[in-house]
Every structure is written in C-alpha cells, then in structure tokens.
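Chains, contacts and geometry: an overview
Each chain, letter by letter, is given below.
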Amino acid sequence: MGPPGAGKGTQAKFVAQHFGIPAISTGDIFRANVSEGTPLGKEAQRYMDAGEYVPDEVTNSMVRNRIDEPDAVPGFLLDGYPRTLAQVEELDGMIGFTGHRLDAVVVLTVDDDVLVERLLQRAAVEGRADDTEDVVRRRQELYGEQTAPLIEVYRDRGLLIEIDGLGEVDDVTQRIFAALDVIPES
Ligand code: AMP
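Residues numbered from 1 in each chain as written. Predicted model: local features only at pLDDT ≥ 70, side-chain atom pairs only at ≥ 80, totals over all residues. Heavy atoms only, no water.

**A few points about the nonpolar core**
Formed by 22 residues in total, the largest nonpolar core has its most connected members in Met 1, Ile 67, Phe 76, Leu 78 and Tyr 154. It is helix α5 (residues 85-98) that provides the largest number of residues to this core, a total of four residues. With near-sequence residues (within four places) excluded, Tyr 154 lies in contact with Met 1, Pro 82, Val 88, Leu 91, Leu 102, Val 105, Leu 159 and Leu 160. Formed by 13 residues, the second largest nonpolar core is a distinct cluster that contains Val 110, Leu 115, Val 172 and Phe 177. (Core = buried A, V, L, I, M, F, W, Y, C linked by side-chain atoms within 4.5 Å. Buried < 20%, exposed > 50% of the residue type's maximum accessible area, 1.4 Å probe, protein only. Helix = DSSP H or I, 4+ residues; strand = E, 2+ residues; numbered from the N terminus. Contact = heavy atoms within 4.5 Å.)

**Quick look at the site of the ligand**
With respect to spatial proximity, 16 residues lie near the ligand, and among them Thr 26, Arg 31, Glu 52, Gly 80 and Arg 83 are the closest. In the model, a nitrogen atom of the ligand is placed 2.7 Å from a nitrogen or oxygen of the Thr 26 side chain. Separating an oxygen atom of the ligand from a side-chain N or O atom of Arg 31 is a distance of 2.9 Å. Out of a free accessible area of 480 Å², the ligand has 96% covered by protein chains. Top element by residues in the shell around the ligand is helix α2 (residues 26-36). It accounts for four residues. Taken together, the residues that form the shell around the ligand break down as five nonpolar, five polar and six charged. (Near = heavy atom within 4 Å. Polar contact = N/O pair within 3.5 Å; in protein donor to acceptor, adjacent residues only side chain to side chain. Areas by Shrake-Rupley, 256 points an atom, 1.4 Å probe, with all protein chains shown as cover. Nonpolar A, V, L, I, M, F, W, Y, C, P; charged D, E, K, R; others polar.)

**Description of the packing of helix α7 (residues 133-147) against helix α8 (residues 149-156)**
At a closest axis distance of 5 Å, the pairing of α7 and α8 adopts a crossing angle of 40 degrees. Contacts between α7 and α8 involve Tyr 143, Gly 144, Glu 145, Gln 146 and Thr 147 from the former and Pro 149, Leu 150 and Ile 151 from the latter. Considering only residue class, the contact of α7 with α8 consists of four nonpolar, three polar and one charged. (Axes fitted to C-alpha atoms, helices over the stretch in contact; angles between N-to-C directions.)

**Some thoughts on the pattern of salt bridges**
Under the criterion given, the structure shown has 13 salt bridges. In this structure, Arg 66 engages Asp 71 in a salt bridge whose closest nitrogen and oxygen atoms are separated by 2.8 Å. Judged by relative accessible area, Asp 71 falls into the partly exposed class, the value being 40%. Between Asp 130 and Arg 139 there is a salt bridge, and its shortest N-O distance comes to 4.0 Å. (Salt bridge = Lys/Arg side-chain N within 4 Å of Asp/Glu carboxyl O.)

**Topic: a negative patch on the surface**
Negative charge collects at one region of the surface, where Asp 111, Asp 112, Asp 113 and Glu 117 lie side by side. By secondary structure assignment, the location of Asp 113 is in helix α6 (residues 112-126). (Patch = residues over 30% accessible without salt bridge, like charges linked within 9 Å, V, L, I, M, F, W, Y side chains within 5 Å. Lys, Arg positive; Asp, Glu negative; His and termini not counted. Charge placed at Lys NZ, Arg CZ, Asp CG, Glu CD.)

These figures come from the coordinates and say nothing about function on their own.
This is the structure we're talking about:
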C-alpha cells in the first residue's frame, strides 16, 4: 500500500522476484486490458482516466480470477489491491477459499510534496494518462478517503509493516527485504 507515486509498482516487482512469486498489480492488469481494447479495458478506462476507482465488483472478480492461475498457488504479492474496505472483505473471502493467508501488508510512506514531484516526472517518462495534475489530485484524495483507512484495519490485525519510501530505490528495497525476511513463511 501507499499513496500514488509512493513507489508501489517498482518495489512490488523486486519483492515478488525476491520471494519467487508473481506480483499481481491491478493497475497493470487494467492498463493491459485498456491497450488490448478488451471489454474489461473499455469499462475500466473511463474510471482510470478520471482518477476514480474502478467499481469493486469489477476489480474483485478480476483479482479472484488472477489468483486462481497456477503461478499464484504457492503465493503472490498484491500491488494496488485492496484499496477499499469492501475489497478487504472480498480478499478475506477469496483467500479463505484458496487456503492462502496474508503474511504482511507493506505500506510505503512518502511526503506529499515528494509524491507530486515523482508523479509529474513519471508522467514525462511513461506518459501515463492518469498522471496529469488534476487527476493526480483526485487520486490522492481518493487514497486518503478510501484507502488510507485500511492501514488501521491491517495494523489491528498485526500485519502492518510501515516502510520509509524516501530515498534511493535500492535503499527502500533493502528496507522492505529486511522487514519481510524475518516474517515466518505461511
Ligand atoms: P495504479 O497503477 O495502482 O495506480 O492504478 C491505476 C488505476 O487503476 C487507479 O487509479 C484506478 O483507477 C485503477 N485501480 C487499480 N487498482 C484498483 C483497485 N484495487 N480498485 C479500484 N481501482 C483500481
């Protein structure tokens, strides 16, 4: 978890590689569907372009299908999911069914000013349609309203690991590894 621009996608790939599990990024799956012009992509695009969340039912069923794939059986890392309380409940149900359990929830903390700077830089490099200033502001607002409350939910469950997301990418990765490597595997 972490606000837009905190470095979730970048770090998710390193963590997944470290543990030999797939990184399941809902944002990446939506973007792939948008570029392939699938019905899911067509539905998701209007929300994404506006910086809104794709409706829970759509997102949940996509994640349910993805974690059913054979490569996810030994375990997986979720990047950008869950983002709402309804998604938290849905995820609990899904993994109750598959027999997985959550080992940890990593939240990257980064100062707001740094975030805006990073996102505008990413817009220039990657050309993401949802990195314009207005849309970024809306995504930050939604994160605060709908996703930040999840931090307390996972803290109460004793799963939360807060990582300082400031500094070099490598340093942040090492902080995450150091925190995760001491957690017993499920
Ligand atoms: P991300 O790449 O994680 O920043 O996601 C990009 C966009 O995809 C978000 O701004 C949402 O429009 C959509 N999205 C990704 N994950 C979710 C989710 N868990 N729930 C709803 N919408 C999502």
